Number of protein chains: 4
Amino acid sequence: MTENQTPLARPLRGIVPPMITPLADHDRLDHSGLERLVAHILVGGVHGLFILGTTGEGPSLSYRLRCELIDRVGELLAGRVPLLVGITDTAFAESVNLAEQAADSGAAAVVLSAPYYFPAGQPELIEYVEHLVRELPLPVFLYNIPSLTKVGFELASLRRLFELPTVLGLKDSSGDMSYVHRVLRLIGDRPDLSLLIGPEALMAESVLMGAHGGVSGGANLAPRLFVELYESAVAGDLAQVRRLQARVMELDATIYSVGRHSSAFLKGVKCALACLGICEDAMAEPFQRFGPGERARVREYLEYLDLGIATHASVG
Amino acid sequence: MTENQTPLARPLRGIVPPMITPLADHDRLDHSGLERLVAHILVGGVHGLFILGTTGEGPSLSYRLRCELIDRVGELLAGRVPLLVGITDTAFAESVNLAEQAADSGAAAVVLSAPYYFPAGQPELIEYVEHLVRELPLPVFLYNIPSLTKVGFELASLRRLFELPTVLGLKDSSGDMSYVHRVLRLIGDRPDLSLLIGPEALMAESVLMGAHGGVSGGANLAPRLFVELYESAVAGDLAQVRRLQARVMELDATIYSVGRHSSAFLKGVKCALACLGICEDAMAEPFQRFGPGERARVREYLEYLDLGIATHASVG
Amino acid sequence: MTENQTPLARPLRGIVPPMITPLADHDRLDHSGLERLVAHILVGGVHGLFILGTTGEGPSLSYRLRCELIDRVGELLAGRVPLLVGITDTAFAESVNLAEQAADSGAAAVVLSAPYYFPAGQPELIEYVEHLVRELPLPVFLYNIPSLTKVGFELASLRRLFELPTVLGLKDSSGDMSYVHRVLRLIGDRPDLSLLIGPEALMAESVLMGAHGGVSGGANLAPRLFVELYESAVAGDLAQVRRLQARVMELDATIYSVGRHSSAFLKGVKCALACLGICEDAMAEPFQRFGPGERARVREYLEYLDLGIATHASVG
Amino acid sequence: MTENQTPLARPLRGIVPPMITPLADHDRLDHSGLERLVAHILVGGVHGLFILGTTGEGPSLSYRLRCELIDRVGELLAGRVPLLVGITDTAFAESVNLAEQAADSGAAAVVLSAPYYFPAGQPELIEYVEHLVRELPLPVFLYNIPSLTKVGFELASLRRLFELPTVLGLKDSSGDMSYVHRVLRLIGDRPDLSLLIGPEALMAESVLMGAHGGVSGGANLAPRLFVELYESAVAGDLAQVRRLQARVMELDATIYSVGRHSSAFLKGVKCALACLGICEDAMAEPFQRFGPGERARVREYLEYLDLGIATHASVG
């Protein structure tokens, strides 16, 4: 354990935002934006930070840049909240390399989904995870996102993998709440396993039903909103949950709905952060930042939404 | 152009096998197997060689190993047939790196499909290819394989991308022959563009209908069979086409049908090559070679099929 | 309005079980079983009854049998709870016929999903519903079940269709809770529209978040369980919600998991009802009842679950 | 066998157009259009006629209208070519009823795909077909169209079902030529089984590779084109095959590409037939005929294509 590492409470609970990666251009970090973004998110009271996930455009970044980001975020966090690092890759050795970089930078855990080129059968997936976990210097969150990896963790596979002592739990981004309930049943009374929910619209109800928190992309923009929603759900304050959930759905209907493709969420969040002066909105290929028309709409939405975020000088 | 590079005839025609990657273990080349395999394929009379594609488990290999393979195959071919190198990646910069390695090693062209993590919209995909092609030192075959990349090249996108002067044509692995006919119509009378067919069962009919050849995975095992099938189709010898096609479908019903998952083809071909003493059958993660029971079945099928391949001392 | 019709409160709230269709053989009603089943469900305190839906094997039944069922259930209910009748069909005229039969038998509303052979585009779907609704003698619940109809109601289409005065709301069986939250936002403060949830595992959280109830298939077997779960959610009693939800997930992990295909739920529920002596478990083609081995497992699960259902003499 | 029935040669060979259903409005036959259409198709030299398939909008028609159509087409054909009748339905009893009407009207065979609401598992599908075939008064073509029925006939299931003595073969509309080759291998030397190809773009190559003919939708419009393409393929005249295939692909790129949804083919063909004065272009719900703008484009395409069809007074 490095001096900057936060020991990870088990089960991990709370809001662990999947940080977007601030870029100055498609293969270069926006260093000052990164600093402001980390500060902005931490001020919201989040319980951890997850980098190099889907929202972080992890698979689109060069390895050089991924390592630089891990290193820099480790420094910026300085152990204030646990750092989780995405190591999903199609090449086994590259996942190990990323995990080693993560350990060196004080990360508390890594996050691993199915390799996303070849769709493995379930026995192949189990064997893959068992082999990989053995070579990792950090504990692991499994990450279920079949829409992007083509293959998800079936219940019987999870049952097997939850027996591995360094598996911390599951981040589920399937969007399938029936699956979430089955995983909750599987976890049962085990106090060491955590279930975190990916889609931000489903975090509150998941916590109401027993899940441990969320990896909510919108928390890049409005971290306090998601922390409060999580806390309301933990407290069982249904009126407040519904009020805040309505705010979350407003983001969905506005900022996330400007783009036309499945990149709409990512582009919307990055653009909004740029409008607020937090960081630049360059994207990694194959995506490009919004053009002026779309940016104007995001700006209007931000005014309408009144997220209560202190605006920095506009960026980008 | 390096001294080892074969100038690429346009349109590229014939059988360009997607070479499997002989591995000694999951991250180490089987060097002597690689030598034997290249020799075995070239003896079959093929018209080019494609490495680091899907059949080559390209995305599952570490970058170190990919570069080593490019370098070594360039040496082994020594310009006898054109070398095509897969550079598909989720990270733009890594694709450029691989292409530079390919150029240094005497490759004639690179092969590029859609980045396979984020599903790009068609305008995003067009822009991505336009940006990337500009930075590549070699001409490019586009590669359509939506079952693995989630996103294919729509006709209107191809129309745009075929205007780029360094785009050589399309390798289509969609399995959708209606699409193939639409691409043939799009190519029309342009003598510079080539359409190569991925699924080996569809190569012959595609050539009969006007396509230029095939990237037939089974040519790792039986290169002469696919070359003869291609030549029969070019010659319009339908009786011979049907006879040889029946041989191809026997491979499909035997060696490719031993495994249970979508890896069955890959595992079957590698295992058969090992049984024939050509190279080892280690796989890159997330796959593992067949166990003894499956290997025994492959061996029986090989005897039954009598592919007329001189057997080397058994490997692995 | 016939004398047996219950006026439908708007918005419709509560548990409206999608009744299985008790069959003596693949095209004949089990009349006494039907009587017992209706009584069994009503005793559970449900708020309505939905026949000829997916759980009712509606599309698999001959028109003669569908009409007979509508008529008979109308008599059995005698207006005690509102009757909803599925009229989804690939042929427009047959949907109208079924709706007329429903009106004659005292039904309160009909339920309509997209026609399930040809996948209509959204403008086609809107026009279809507008045309059909105009010819129906009863108000309509829209029914979103894209896994079976291939086409769902997109948000923009719902916005249009919710303007039709006889549209009562939506039954959503997409399993997509993000969609559910978007529909809740769309409904907003309109007091006349109802959102009912299909998948039984998602009913409780949907009600916690603002939905109006559930069309829970398991309520054929354990109506009281689902009514209590609904009431706990309405009351905001989270501890009780979680306790009862765990019961629901036990059904999922036991009785619904005996079969191997997507018919597992249907076969499990029918078999369990037969084991309990409530009705026979014949299925409409293309399904067949469980064999003796599967039936023995269902029987064991029933004992283990101890659903507190008074057992009748075993049937079938 | 009725006096109007043509005995069916085995294997059935040639072009068997899937006739569109001429409608005066969404639930009424266009009787004189039907007469002209049948004459138009027969003049083209086709080898059979298939009604109530996908192209015939079979599942969208009321049962009354389906029976009327069967009866009327039986009379119009008067045994000149074999009549095949689609009986696919979600309700077993309705399939039997349609088959009985077909037998009474002199049909030579019926055509049956998987029931299209519930996705049956393969063992369920086998059992369903075995049960149904037993009750049918006519021999049966199986019809594989998984894009619309969700479930296709896997190879192992076909192997079983091809043992039934009244199964005549398979009409495959999967669009998957690898599957076609596997079916050809399965049929092997059995002289009683026929493989007909649905997608018109794939008919020629399928016949070149050993299939028996095609159920080509475009033969409603240009029957002679498809008959000549079939005959060229049988004769092995590759130059002619490619020339005529290019004509087929022109239809695809023009008339079939006017609409925006998956109904584009159907609407285009019906509209073109109306422009040519052959029949009206009313559609069964959920579809509507093209508006004036789209119709003008179809008319222009028809002039450009110069299909050599004698124009009747324009209809509709």
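Residues numbered from 1 in each chain as written. Chains lettered and ligands numbered in written order. Predicted model: local features only at pLDDT ≥ 70, side-chain atom pairs only at ≥ 80, totals over all residues. Heavy atoms only, no water.

Colleague: Just to check I follow, could you spell out the relation of the copies chain D and chain B for this structure?
Modeller: The two chain copies are related to each other by a rotation about an axis together with a translation along it. Overlay of chain D on chain B (RMSD 0.0 Å): rotation 180 degrees, translation along the axis 0.0 Å. Both chain copies can therefore be described as sitting about a two-fold axis. Comparing interface residues between copies, 100% of those in chain D also lie at the interface in chain B; the contact surface is shared. (Least-squares fit on C-alpha atoms with pLDDT ≥ 70 in both. Contact = heavy atoms within 4.5 Å.)

Colleague: How should I be thinking about the packing of helix 9 (residues 223-235) of chain C against helix 10 (residues 238-253) of chain C in this particular structure?
Modeller: All names here are of chain C. One can describe the packing of helix 9 onto helix 10 by two numbers: an axis separation of 9 Å at closest approach and a directional angle of 150 degrees. For the element pair helix 9 / helix 10, the angle class is roughly antiparallel. Along this stretch, helix 9 crosses helix 10, giving a crossing that reads as left-handed. Residues L225, F226, E228, L229, S232 and A233 of helix 9 pack against Q240, V241, L244, Q245, R247, V248 and L251 of helix 10. Classifying every residue of the contact of helix 9 with helix 10 gives eight nonpolar, three polar and two charged. (Axes fitted to C-alpha atoms, helices over the stretch in contact; angles between N-to-C directions. Helix = DSSP H or I, 4+ residues; strand = E, 2+ residues; numbered from the N terminus. Parallel < 35°, antiparallel > 145°, perpendicular 65-115°, else oblique. Left-handed = near helix turned anticlockwise from the far one by under 90°. Nonpolar A, V, L, I, M, F, W, Y, C, P; charged D, E, K, R; others polar.)

Colleague: Whenever I open this one, the relation of the copies chain B and chain A confuses me. Can you help?
Modeller: For the pair chain B and chain A, the best superposition has an RMSD of 0.0 Å and corresponds to a rotation of 180 degrees with a translation of 0.0 Å parallel to the axis. Most of the interface of chain B is mirrored in chain A: 100% of its interface residues are interface residues there too.

Colleague: What should I look at first to understand helix 2 (residues 63-77) of chain D in this one?
Modeller: Turn by turn, an α-helix covers 3.6 residues, leaving residues three or four places apart pointing in a common direction. Residue and element names in this part refer to chain D. For helix 2, spanning 15 residues, the distance from its first C-alpha to its last is 21 Å, which sits close to the expected 21 Å at 1.5 Å a residue. Taken together, the buried positions of helix 2 are occupied by Y63, L65, R66, L69, I70, V73, G74, L76 and L77. Mapping the buried residues of helix 2 onto a view down its axis gives an arc of 165 degrees, with all of them on the same face. Looking one or two residues past helix 2, A78 carries a phi angle of roughly 50 degrees, positive in sign. (Expected span 1.5 Å × (residues − 1). Buried < 20%, exposed > 50% of the residue type's maximum accessible area, 1.4 Å probe, protein only. Arc of directions from axis to C-beta.)

Colleague: Help me out: how do you make sense of helix 10 (residues 238-253) of chain B in this one?
Modeller: Between its first and last C-alpha atoms helix 10 of chain B spans 22 Å; for 16 residues at 1.5 Å apiece the expected length is 22 Å, and the two agree. Buried within helix 10 of chain B we find B:L238, B:V241, B:L244, B:Q245, B:V248, B:M249, B:E250, B:L251 and B:D252. In this structure, the buried residues of helix 10 of chain B make contact with helix 8 (203-208), helix 9 (223-235) and helix 12 (292-305) of chain B together with helix 7 (177-187) and helix 8 (203-208) of chain D.

Colleague: Please explain the interface of chain D and chain B as it appears in this structure.
Modeller: Size of an interface: often given as the accessible area lost when the parts come together. Counting from both sides, the interface comprises 23 residues of chain D and, opposite them, 23 residues of chain B. Summing both sides of the interface, chain D and chain B together bury roughly 2,100 Å²; the carbon and sulfur share of this comes to 58%. A per-residue breakdown of the area chain D buries against chain B is headed by D:R185, D:E205 and D:M209, which together make up 27% of the total. Joining chain D to chain B, the criterion identifies two salt bridges. Two residues, D:R182 and B:D252, come together in a salt bridge whose shortest N-O distance is 2.7 Å. Our enumeration of links across chain D and chain B arrives at 12 residue pairs in polar contact (both at pLDDT 80 or more). Only helix 7, helix 8 and helix 10 (238-253) of chain D provide two or more residues apiece to the side of chain D that touches chain B. (Buried area = accessible area lost by both parts, 1.4 Å probe. Salt bridge = Lys/Arg side-chain N within 4 Å of Asp/Glu carboxyl O. Polar contact = N/O pair within 3.5 Å; in protein donor to acceptor, adjacent residues only side chain to side chain.)

Colleague: Whenever I open this one, the environment of D:Y179 confuses me. Can you help?
Modeller: Residues and elements named next belong to chain D. Within the fold, Y179 resides in helix 7. Looking at Y179, the relative accessible area reads 10%, which means it is buried. Between the alpha carbons of Y179 and L155 there is a distance of 8.2 Å; along the sequence they are 24 residues apart. If near-sequence neighbours (up to four positions away) are discounted, Y179 is found in contact with N144, F153, L155, L158, L170, D172 and S174. Within polar-contact distance, the side chain of Y179 engages the backbone oxygen of F153 at 2.6 Å.

Colleague: What exactly am I supposed to notice about the confidence of the model for chain A here?
Modeller: For any part of a model where pLDDT is low, the fine detail of the predicted coordinates should not be relied upon. Averaged over every residue, the pLDDT of chain A is 95; residues scoring 70 or more account for 96%. As scored by the predictor, the complex reaches a pTM of 0.96 and an ipTM of 0.95. (pLDDT = per-residue confidence, 0-100.)

Colleague: How do you make sense of the pattern of salt bridges when you look at a structure like this?
Modeller: Proximity of charged atoms lets side chains of opposite charge pair with each other. In the structure shown here, the tally under the stated rule is 68 salt bridges over all chains. One salt bridge connects B:D89 with B:R66, and the closest N-O pair in it is separated by 3.4 Å. Within this pair, whereas B:D89 is found in the loop between strand 5 (83-86) and helix 3 (92-104), its partner B:R66 is found in helix 2 (residues 63-77), the two being separated by 23 residues in sequence. Residue classification places B:D89 among the buried positions, given a relative accessible area of 2%. The buried category is assigned to B:R66, whose relative accessible area is 3%. For the salt bridge of D:E250 with D:R247, the shortest nitrogen-to-oxygen distance reads 3.3 Å. Highlighted residues: D:E250 and D:R247, both in helix 10, separated by three residues, approximately one helical turn. Here D:R247 falls in the partly exposed class, since its relative accessible area comes to 29%. Linked by salt bridges that have partners in common, A:R10, A:R190 and A:D192 make up one network.

Colleague: Whenever I open this one, the sheet that holds strand 7 (residues 140-144) of chain B confuses me. Can you help?
Modeller: Pairing between the strands of a sheet is mediated by backbone hydrogen bonds and can be parallel or antiparallel. All names here are of chain B. Read from one edge to the other, the open sheet built from eight strands follows the order 1-10-9-8-7-6-5-4, with strand pairing classed as parallel. Strands with a single pairing partner mark the edges of an open sheet, and in this sheet they are strand 1 (14-15) and strand 4 (49-51). Of the strand pairs in this sheet, strand 7 and strand 8 (residues 167-172) are connected by five bridges, and their pairing is parallel. Bridge assignment links N144 to a residue of strand 8, and that residue is D172. (Pairing = 2+ DSSP bridges.)

Colleague: Please explain a negative patch on the surface as it appears in this structure.
Modeller: Negative charge collects at one region of the surface, where A:D71, A:E100, A:D104 and A:E135 lie side by side. With respect to the helices, strands and loops of the structure, A:D71 is situated in helix 2 (residues 63-77). (Patch = residues over 30% accessible without salt bridge, like charges linked within 9 Å, V, L, I, M, F, W, Y side chains within 5 Å. Areas by Shrake-Rupley, 256 points an atom, 1.4 Å probe, with all protein chains shown as cover. Lys, Arg positive; Asp, Glu negative; His and termini not counted. Charge placed at Lys NZ, Arg CZ, Asp CG, Glu CD.)

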